[in-house]
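Structural features, examined
Read off the chains here:
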Amino acid sequence: MQKEIKQKWFYTQLPETVWDYLTKPELLEQWLMKSDFQPIVGHKFRFTFVPKNDSKYDGTVHCEVLEVRPFTKLSYSWNGNIKDGSRTFNSIVVWTLIPKENGTELQLQHNGFTVLEDILNHTNGWNSCLKRIDELINTLKNANA
Amino acid sequence: MQTLDAFQVIADPSRRHMLQLLSKESLTINALAENFDMSRPAVSKHVKILYGAGFISITGIGRERHCILKQDGFNELQDFINFFDNFWASKLKKLETILNNKSKK
């Protein structure tokens with residue numbers, strides 16, 4: 001059973017190229033968000049975005065680099081605030097790059113939401129949630145196949 | 001009382017424990033309180049917060065008030081997970097477009 005957000009995507013570019021797009025702020029901004037990222041363990045940085053008017057998020061994701069293995073693995077914490085300043089979630093993003101068929105399989109795990117593991121035993125609410133995630137992931141896989 | 005969102009509600013370990021206990025069976029507030037080393041008013045406060053955020057409903061049976069798990073609060077968490085799942089799917093797709101355009105140049 002799925003207990004986290006997990007996705008994979010195949011790119012026809014080599015891991016070195018994909019890595020650049022995960023670690024260089026000017027390239028990250030093109031597909032993800034503005035940031036002051038640096039590939040140094042312990043570096044604290046922020047992703048910023050312009051929240052929609054009705055969004056309760058304040059437009060900043062607070063992060064800290066946790067692991068850097070060039071061209072192979074990258075992880076950082078991913079913490080979000082809501083507008084009144086109270087923290088709502090703490091999570092971890094892990095990128096894994098696997099060379100494959102002259103390209104790269106990029107895997108993403110987004111997990112560790114403060115909460116979720118603790119109450120995953122809960123059968124009532126979570127089964128439908130996890131089923132939905134499975135469906136989304138399968139849809140994605142098929143679309144990408 | 002201040003209304004907390006679903007993540008603030010379950011950020012508290014005592015409230016998570018309460019939800020775990022209630023996921024096994026419905027309990028009266030008194031029975032729930034027996035599992036915690038805290039004052040009865042403190043337990044009541046947590047119960048009110050869980051109720052306010054839609055994680056439980058409270059039903060009076062005789063003199064007792066029973067806490068029963070409810071779907072609404074969990075749906076908000078589900079929406080949150082779905083939000084990020086969709087968020088990343090669209091970002092990964094966008095990265096592909098950018099990488100492919102770059103290769104063509």
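That block above? That's the structure.
In this report, we go over the structure that sits alongside the text. (Residues numbered from 1 in each chain as written. Chains lettered and ligands numbered in written order. Predicted model: local features only at pLDDT ≥ 70, side-chain atom pairs only at ≥ 80, totals over all residues. Heavy atoms only, no water.)

Broken down by element type, chain A carries 4 helices and 7 strands. Element order for chain A, N to C, with α for helix and β for strand: β-α-α-β-β-β-β-β-β-α-α. For chain A, long-range pairs separated by at least 24 residues make up 43% of all intrachain contacts whose partners lie at least 6 apart in sequence. On chain A, roughly 7,400 Å² of surface is accessible, and the fraction owed to carbon and sulfur atoms is 50%. (Helix = DSSP H or I, 4+ residues; strand = E, 2+ residues; numbered from the N terminus. Contact = heavy atoms within 4.5 Å. Areas by Shrake-Rupley, 256 points an atom, 1.4 Å probe, with all protein chains shown as cover.)

Attention now moves to the packing of aromatic side chains. A complete count under the given rule lists 16 aromatic pairs over all chains for this structure. Ring geometry for Trp78(A) versus Trp88(B): centroids 5.2 Å apart, planes at 55 degrees, classification tilted. With Trp78(A) in strand 5 (residues 73-82) and Trp88(B) in helix 5 (residues 71-104), the pair connects residues from two separate chains. Accessibility assignment for this pair places Trp78(A) and Trp88(B) in one class, buried. Site record: aromatic cluster; members linked through ring pairs are Trp31(A), Phe37(A), Phe45(A), Phe47(A), Tyr76(A), Trp78(A), Trp95(A), Phe83(B), Phe84(B), Phe87(B) and Trp88(B). (Phe/Tyr/Trp six-rings, centres within 6.5 Å; stacked < 30°, edge-to-face > 60°. Buried < 20%, exposed > 50% of the residue type's maximum accessible area, 1.4 Å probe, protein only.)

Here we come to the nonpolar core. Among the nonpolar cores identified, the biggest contains 60 residues, and Phe47(A), Tyr76(A), Trp78(A), Trp95(A), Phe55(B) and Trp88(B) are the most heavily contacted of them. Among the elements that take part in this core, helix 5 of chain B stands out by supplying 11 residues, more than any other. (Core = buried A, V, L, I, M, F, W, Y, C linked by side-chain atoms within 4.5 Å.)

Residue and element names in this part refer to chain A. Note that Lys 34 resides in strand 2 (residues 34-35). We classify Lys 34 as partly exposed; its relative accessible area is 49%. Beyond its immediate stretch of four places on either side in the chain, Lys 34 contacts Glu 29, Arg 46, Phe 47 and Thr 48.

Attention shifts here to the packing of helix 1 (residues 15-23) of chain A against helix 5 of chain B. Here helix 1 of chain A crosses helix 5 of chain B at 125 degrees, and the two axes come no closer than 12 Å. Judged on the interaxial angle alone, helix 5 of chain B and helix 1 of chain A are oblique. For helix 1 of chain A against helix 5 of chain B, the interelement crossing comes out right-handed. Here Thr17(A), Val18(A) and Tyr21(A) of helix 1 of chain A lie close against helix 5 of chain B, whose contacting residues are Leu95(B), Ile98(B), Leu99(B) and Lys102(B). Here the residues of the contact of helix 1 of chain A with helix 5 of chain B are counted per class, giving 5 nonpolar, 1 polar and 1 charged. (Axes fitted to C-alpha atoms, helices over the stretch in contact; angles between N-to-C directions. Parallel < 35°, antiparallel > 145°, perpendicular 65-115°, else oblique. Left-handed = near helix turned anticlockwise from the far one by under 90°. Nonpolar A, V, L, I, M, F, W, Y, C, P; charged D, E, K, R; others polar.)

The next subject is the side chain of Ser77(A). All names here are of chain A. Mapped onto the elements of the fold, Ser 77 is located in strand 5. We classify Ser 77 as buried; its relative accessible area is 13%. Excluding anything up to four places from it in sequence, Ser 77 contacts His 62, Cys 63, Glu 64, Leu 66, Ser 91 and Ile 92.

Right, let's get into the pairing of strand 3 (residues 44-48) of chain A. Successive residues of a regular strand alternate their side chains across the two faces of the sheet. Residues and elements named next belong to chain A. Judged by which residues are buried, strand 3 turns out to be one-sided: Phe 45 and Phe 47 face inward and are buried, whereas Lys 44, Arg 46 and Thr 48, on the alternate face, are not. When strand 2 meets strand 3, the two strands line up antiparallel, connected through 2 bridges. Across the sheet, residue Lys 34 finds its bridge partner in strand 3, namely Thr 48. (Pairing = 2+ DSSP bridges.)

Residue and element names in this part refer to chain A. Relative to the helices and strands, Ile 92 resides in strand 6 (residues 87-100). Judged by its relative accessible area of 32%, Ile 92 falls in the partly exposed class. Along the primary structure Ile 92 and Val 65 are separated by 27 residues, whereas in three dimensions their C-alpha atoms are 9.9 Å apart. Aside from chain neighbours lying at most four places away, what touches Ile 92 is Leu 66, Tyr 76, Ser 77, Trp 78, Gln 109, His 110 and Asn 111.

Residues and elements named next belong to chain A. If you walk through the whole model with that rule in mind, you get 6 salt bridges over all chains. The salt bridge involving Glu 67 is made with Arg 69; its shortest N-O contact spans 3.3 Å. On the accessibility criterion, Glu 67 (24% relative accessible area) is partly exposed. Residue Lys 100 is joined to Glu 105 by a salt bridge in which the shortest nitrogen-to-oxygen separation is 2.7 Å. Here Glu 105 falls in the buried class, since its relative accessible area comes to 9%. (Salt bridge = Lys/Arg side-chain N within 4 Å of Asp/Glu carboxyl O.)

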